Amino acid sequence: MTRKREDYISWDEYFMGVAKLSGLRSKDPNTQVGACIVSPDNKILSMGYNGFPSGCSDDEFPWDREGSELDTKYLYVAHSELNAILNYRGKGLDGSKIYVSLFPCNECAKAIIQAGIKTVIYSDDKYAKTPATIASKRMFDAAGVEYRLYRPTGRKIEIDL
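The notes below deal with the structure included here. (Residues numbered from 1 in each chain as written. Predicted model: local features only at pLDDT ≥ 70, side-chain atom pairs only at ≥ 80, totals over all residues. Heavy atoms only, no water.)

Each aromatic ring pair is specified by the distance between its two centres and by the angle formed by the two planes. For the structure on display, the rule yields 11 aromatic pairs. Judged by centre distance (6.2 Å) and plane angle (55°), the ring pair of Trp11 and Tyr14 falls under tilted. With Trp11 and Tyr14 both in helix H1 (residues 11-23), this residue pair falls 3 residues apart, about one helical turn. On the accessibility criterion, Trp11 (49% relative accessible area) is partly exposed. Members of the aromatic cluster, joined through ring pairs, are Trp11, Tyr14, Phe15 and Tyr99. Over the face of the ring belonging to Phe103 we find Lys137, whose NZ or CZ atom lies 5.0 Å from the ring centre. (Phe/Tyr/Trp six-rings, centres within 6.5 Å; stacked < 30°, edge-to-face > 60°. Helix = DSSP H or I, 4+ residues; strand = E, 2+ residues; numbered from the N terminus. Buried < 20%, exposed > 50% of the residue type's maximum accessible area, 1.4 Å probe, protein only. Lys NZ or Arg CZ within 6 Å of the ring centre and 35° of its normal.)

What follows is the structure in structure tokens.
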């Protein structure tokens with residue numbers, strides 16, 4: 001009798017991989033962030049990446065990080081978490097998990113909490129000391145949203161497209 005494979009990827013590897021792959025759709029020249037929302041029984045519910053809202057041309061809106069506020073990307077870009085929440089077409093996200101390649105900002109934290117997502121698994125927390133991230137963690141703690149750092153396994157996966 002043939003035995004099953006033992007080297008398959010874990011759920012965390014799978015869903016973080018989907019989040020990171022989603023981030024590769026972003027046209028942002030500096031930061032590509034992806035998100036994947038998963039049901040309590042490990043079914044993918046939605047995905048998103050950072051980019052401009054539908055109908056707003058990424059050739060006509062700015063990608064700059066510096067300059068006058070209206071000439072930078074920050075007032076226009078929708079973050080991956082918000083896009084994943086807005087892309088969902090089901091009945092509800094209560095009790096779900098979100099895998100995200102960058103720790104959520106305070107605005108996305110509000111949306112995550114309001115959507116009923118109960119767990120955030122993140123790959124990077126490079127803005128940990130900023131007020132936006134500190135506020136996110138404070139809100140998550142108050143709302144009972146668990147958050148944890150994804151522990152990379154170091155496994156390399158190659159996909160031919």
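Its location among the elements puts Ala78 in the loop between strand E2 (44-49) and helix H2 (80-87). Apart from the residues within four sequence positions on either side, Ala78 is in contact with Tyr49, Asn50, Gly51 and Asn83. (Contact = heavy atoms within 4.5 Å.)

A few words on the pattern of salt bridges. One pass over the structure, following the stated rule, counts 7 salt bridges. The residue Lys27 makes a salt bridge to Asp58 at a minimum N-O spacing of 2.9 Å. Of this pair, Lys27 sits in the loop between H1 and strand E1 (34-38) while Asp58 sits in the loop between E2 and H2, and the two are 31 residues apart along the sequence. Taking relative accessible area as the criterion, Lys27 reaches 48% and is therefore assigned partly exposed. (Salt bridge = Lys/Arg side-chain N within 4 Å of Asp/Glu carboxyl O.)

Moving on: the packing of helix H3 (residues 106-115) against helix H4 (residues 131-143). Two elements in contact, H3 and H4, have axes whose closest approach is 8 Å; the angle formed by their N-to-C orientations is 20°. Between H3 and H4, the angle is such that the two are roughly parallel. Of the two possible hands of crossing, H3 and H4 adopt the one that is right-handed. Contacts from Asn106, Ala109, Lys110, Ile112 and Ile113 of H3 reach H4 at Ala132, Ala135, Ser136, Met139, Phe140 and Ala143. Partitioning the contact of H3 with H4 into residue classes produces 8 nonpolar, 2 polar and 1 charged. (Axes fitted to C-alpha atoms, helices over the stretch in contact; angles between N-to-C directions. Parallel < 35°, antiparallel > 145°, perpendicular 65-115°, else oblique. Left-handed = near helix turned anticlockwise from the far one by under 90°. Nonpolar A, V, L, I, M, F, W, Y, C, P; charged D, E, K, R; others polar.)

Strand direction decides the pairing type here: strand E4 (residues 119-122) and strand E5 (residues 146-149), joined by 4 bridges, are parallel. Bridge assignment links Ile121 to a residue of E5, and that residue is Arg148. With H4 bridging E4 and its parallel neighbour E5, the resulting β-α-β unit is right-handed. (Pairing = 2+ DSSP bridges. Right-handed = clockwise from strand over helix to strand, strands pointing away.)

Next up on the list: the side chain of Thr31. Here Thr31 lies in the loop between H1 and E1. Discounting chain neighbours no more than four positions away, the residues touching Thr31 are Ser26, Asn50, Lys73 and Leu102.

Look at H2 against H3: their axes get within 9 Å of each other, and the N-to-C directions meet at 30°. Taken together, the axis directions place H2 and H3 in an arrangement best described as roughly parallel. For the element pair H2 and H3, the recorded crossing hand is left-handed. On the side of H2, the interface is formed by Glu81, Leu82 and Ile85, while H3 contributes Cys108, Ala111, Ile112 and Ala115.

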